[in-house]
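Residues per chain are reported as follows:
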Amino acid sequence: MSEYFIQEKQLSNVTRTLVKDENGKSLFLLVGRWGTRGDALSLYAMNGELVASIKQLSLFFGTRFDIYKGFEKVGTLKKILNLSTDFYYINQLRWTVIGDIRNHYYTIHHNNHKIMEMSKATLFSGNYFCLEVENDEDAPLCICIAAVLDYWLYNKKKCSSRNRQMMIDWEDGAC
């Protein structure tokens, strides 16, 4: 099992994001952008090799993301439920993501086998997300999934405040 650290508030930003190990050594670089259909994030090893990517398929109702390991599509991530616990599914991998996305605490499972657990961590250099990945081979996919979940969380907040403002404008006769 290995731990991967991503500085808080950097995961879903439209910026270059470094993924580090517990010693602060940079392992991966996450680049790309979100917002329109076809946008993607790509994860590179520090030697420049593309190790994983995730591509946005649709914008509205039922937003989905295709996940690639290298250049091979390995699954599609989609939201299934959002009741008291968030639930996502990656069909071809048969991975489930269950937890509290708002508080950045969730796990990824394949059947009863844990693939990854995400939580928050505070280090001397700041606040981080800590991804505990059981098998290092799964780390690139897990990092991409974490980026999408973070994007969904913050995008949902932006949409909610935008919708609230539209309702206020409408009630005030501004529309």
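Just so you know, the residues in each chain are numbered from 1, in the order the chain's sequence is written. The model is predicted, so local features are restricted to residues of pLDDT at least 70 and side-chain atom pairs to those at 80 or more, both for listing and for counting; the totals for chains, interfaces and linings are taken over all residues. Remark: hydrogens and water are excluded; side-chain values derive from all non-hydrogen atoms of the structure.

### Some thoughts on the overall build of the chain
- To qualify as a helix, a DSSP run of H or I must reach at least 4 residues; to qualify as a strand, a run of E must reach at least 2; elements of each kind are numbered from the N terminus. Counting secondary structure elements, the chain contains one helix and 12 strands.
- Seen in sequence order, the chain has helices and strands lined up from the N terminus as β-β-β-β-β-β-β-β-β-β-β-β-α.
- Only protein chains enter the accessibility calculation, which uses a 1.4 Å probe; a residue is then buried when its area is under 20% of its type maximum, exposed when over 50%, and partly exposed in between. Within the chain, the proportion of its 175 residues that are buried is 42%.
- Considering only intrachain contacts with a sequence separation of at least 6, the fraction spanning at least 24 residues in the chain is 31%.
- Here the open area of atoms and residues is found with the Shrake-Rupley method and a 1.4 Å probe, where only the protein chains shown may cover a residue. Here the chain has roughly 9,800 Å² of accessible surface; of this, 51% comes from carbon and sulfur atoms. Two residues qualify as a contact provided that any one of their heavy atoms is within 4.5 Å of a heavy atom in the partner residue.

### Quick word on the pairing of strand 9 (residues 95-100)
- Two strands are counted as paired when DSSP detects at least two bridges linking them. With five bridges joining them, strand 8 (residues 86-90) and strand 9 adopt antiparallel strand pairing. Its bridge partner lying in strand 9, isoleucine 90 is registered against tryptophan 95.
- Taking the residues between adjacent antiparallel strands as the criterion, strand 8 and strand 9 are bridged by four residues, where arginine 94 takes a positive phi near 60°.
- Connecting strand 9 to the antiparallel partner strand 10 (residues 105-110) that follows it, the hairpin turn spans four residues, and histidine 104 within it adopts a positive phi of roughly 55°.

### Re the confidence of the model for the chain
- Across the chain, the average pLDDT comes to 80, with 74% of residues at 70 or higher.
- What pLDDT expresses is the predictor's confidence in each residue, scored from 0 to 100. When pLDDT is averaged over each element of the chain, strand 10 comes out on top at 93 and helix 1 (residues 139-171) at the bottom at 62.
- Contacts from residues 157-175, a stretch scored under 50 in pLDDT, to residues over four places away or in other chains number four contacts.

### Concerning the packing of aromatic side chains
- A pair of Phe, Tyr and Trp rings is counted when the ring centres sit within 6.5 Å of each other, with Trp represented by its six-membered ring. The angle between the planes then sorts it: under 30 degrees is stacked, over 60 is edge-to-face, the rest tilted. Enumeration over the complete set of coordinates arrives at two aromatic pairs.
- Both rings, one in phenylalanine 5 and one in tyrosine 128, keep their centres 6.4 Å apart while their planes meet at 85°; by these two values the pair is edge-to-face. Here tyrosine 128 lies in strand 12 (residues 126-133) and phenylalanine 5 lies in strand 1 (residues 2-7), a separation of 123 residues in the sequence. Pair check on accessibility: phenylalanine 5 and tyrosine 128 agree, each one buried.

### Some points on the environment of valine 19
- Structurally, valine 19 is set in strand 2 (residues 17-20).
- When the C-alpha positions of valine 19 and cysteine 130 are compared, they lie 9.9 Å apart, and in sequence the two are 111 residues distant.

### As for the pairing of strand 12
- By the bridge criterion, six bridges tie strand 1 to strand 12 in an arrangement that is antiparallel. Bridging from a neighbouring strand, glutamate 3 pairs with glutamate 132 of strand 12.
- In this structure, strand 11 (residues 113-123) lies alongside strand 12, joined through eight bridges in antiparallel fashion. Across the sheet, residue serine 119 finds its bridge partner in strand 12, namely cysteine 130.
- Taking the residues between adjacent antiparallel strands as the criterion, strand 11 and strand 12 are bridged by two residues.

### Focus: the nonpolar core
- Counting 40 residues, the largest nonpolar core has Leu43, Trp95 and Leu131 as its most contacted members.
- The dominant element in this core, judged by the number of residues it contributes, is helix 1, at 11 residues.
- Other than its neighbours up to four places away in sequence, leucine 131 contacts Ser2, Glu3, Tyr4, Ile6, Met116, Glu117, Met118, Cys142, Ile143 and Ala146. Put simply, a nonpolar core is a bunch of buried Ala, Val, Leu, Ile, Met, Phe, Trp, Tyr and Cys residues held in one set by side-chain atoms that sit within 4.5 Å of each other.

### A look at the pattern of salt bridges
- Salt bridges are counted wherever a side-chain nitrogen of Lys or Arg sits within 4 Å of a carboxyl oxygen of Asp or Glu. The tally for this structure, following the rule as stated, stands at three salt bridges.
- Its salt-bridge partner being lysine 73, residue aspartate 66 comes within 3.3 Å of it at the nearest N-O pair.
- Residue lysine 69 pairs with glutamate 137 through a salt bridge whose shortest N-O separation is 3.8 Å. Residue lysine 69 is found in strand 6 (residues 64-69), and its partner glutamate 137 is found in the loop between strand 12 and helix 1; the two are separated by 68 residues along the sequence.
- On the accessibility criterion, glutamate 137 (53% relative accessible area) is exposed.

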